Structure formats: structure tokens, C-alpha cells
Amino acid sequence: RKDNVMCLCISDDIDVRYHAVNYDFLDDAHAKFTKTFPPYKVTKAKAYEMDKKFRKDLGNLIYFYNENRNKMVRQDKMDDMMNSVDDLKGILGRNITMVLERETRLKELVEISDEMLDTTKVFTRRSSRLNTVIKRKDYTYYWVAFIFGSVVLYLCLGEICGYTFQKCSARREEGEGR
């Protein structure tokens, strides 16, 4: 029921496949009727007023559907199967494309990981060398600081005790002698 028009079809078809043809017939009859008669004429119409005007169109439509109903059932089935086959082709094509892209990506990832592994090895060697150089510099600084401290201590003690430590050893001898 659409646009104040109710379509009804009585069929003796037992086979379910023909029901789609019947509904297609109803849709076509409704479309032709609403195309022929505007909605304002339909709402103001009296019973059977449009019967004479629409009878010829309806007769042609009934004739067409009765003559071609077997073709329509087979054609619908064939169309459905062809659509299913086309869908499967599309899905298979997309799957193959995705597999090929995945393989390409995997190869790229393997190459990148190999490069990263090589880079990591180089980095490890360079960082070990740098660590060794830094430790050597630190030890060098420690030795320089130790020698500098020893020289400063010697100079300070040299000023107090003399550079040969004569004054301090003479004081110690004097302290022991008392």
C-alpha cells in the first residue's frame, strides 16, 4: 500500500521461486498506475472509476508476466549466480593483491631489519671504542691530577722542610735528642 493505492494479487503458485515474479508484477502495476493517475485523482476517485482507463495497461502487463514468467525465474537465478561469481572474483582479486602486498612488505621489513642489525653491530663497536677512549682519558686525568698533586705537595713540603727534607729530619733528630 503506497500513495493511497492498494495492490493485491492472487496466485496459485506453490513454487517459492515464482513469488518474486508475482511481487515484481505488483510493483510494476503500482508504478504504471501511479504514473498514469496523479495522487489527487486517486483520492477523489469513485469505485471502479479508473477501471476502463487502466484495463488495457493492466492486461498488457498481465500478458507480459504470464508469457515471460519462466524466463524471469531462470534469469533471476542466473543473475544471482553471476553476481555471486563476480563477487567471488572481486574478493579473490583483492585477497591476491593483499597477499602480494603483504609479501612485498615482509621483504621490505626483512631488509630493514637486516640493515638495522648491521647498524646495531657498528653502533656497538663504536660505542665500545668510545667507552674505552673515555676511560683512558679519565685514567689519564687521574694520573695527571695525582702527579700534579704530588708535585704541589712536594713543593709545599720543600718550602717547609727543604727540598731534601733536611730541616724536617733535623727537627726530628732534635726532638728525639731531648
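Residues numbered from 1 in each chain as written. Predicted model: local features only at pLDDT ≥ 70, side-chain atom pairs only at ≥ 80, totals over all residues. Heavy atoms only, no water.

1. A word on the packing of aromatic side chains
The geometry of an aromatic ring pair is captured by the separation of the ring centres together with the interplanar angle, meaning the angle of the planes. Counted by the stated rule, this structure contains six aromatic pairs. One aromatic cluster is present, built from ring pairs that chain together F25, F64 and Y65. (Phe/Tyr/Trp six-rings, centres within 6.5 Å; stacked < 30°, edge-to-face > 60°.)

2. Brief notes about a negative patch on the surface
Side chains of E108, E111, D114, E115 and D118 sit close together on the surface and give a patch of like negative charge. Locating E108 in the fold gives a position in helix 3 (residues 51-161). Residue classification places E108 among the partly exposed residues on the basis of a relative accessible area of 44%. (Patch = residues over 30% accessible without salt bridge, like charges linked within 9 Å, V, L, I, M, F, W, Y side chains within 5 Å. Areas by Shrake-Rupley, 256 points an atom, 1.4 Å probe, with all protein chains shown as cover. Salt bridge = Lys/Arg side-chain N within 4 Å of Asp/Glu carboxyl O. Lys, Arg positive; Asp, Glu negative; His and termini not counted. Charge placed at Lys NZ, Arg CZ, Asp CG, Glu CD. Helix = DSSP H or I, 4+ residues; strand = E, 2+ residues; numbered from the N terminus. Buried < 20%, exposed > 50% of the residue type's maximum accessible area, 1.4 Å probe, protein only.)

3. Thoughts on the pattern of salt bridges
This structure, assessed with the given rule, holds three salt bridges. E101 is paired through a salt bridge with R105; the nearest N and O atoms lie 3.8 Å apart. Here R105 and E101 lie together in helix 3, a separation of four residues that amounts to about one turn. Under the relative-accessibility criterion, E101 is labelled partly exposed at 38%.

4. So, the confidence of the model for the protein chain
Overall, the prediction assigns the protein chain a mean pLDDT of 84, with 89% of residues at 70 or greater. Confidence scores differ between elements of the protein chain, with helix 4 (residues 166-177) showing the lowest mean pLDDT of 69 and helix 3 the highest of 88. (pLDDT = per-residue confidence, 0-100.)

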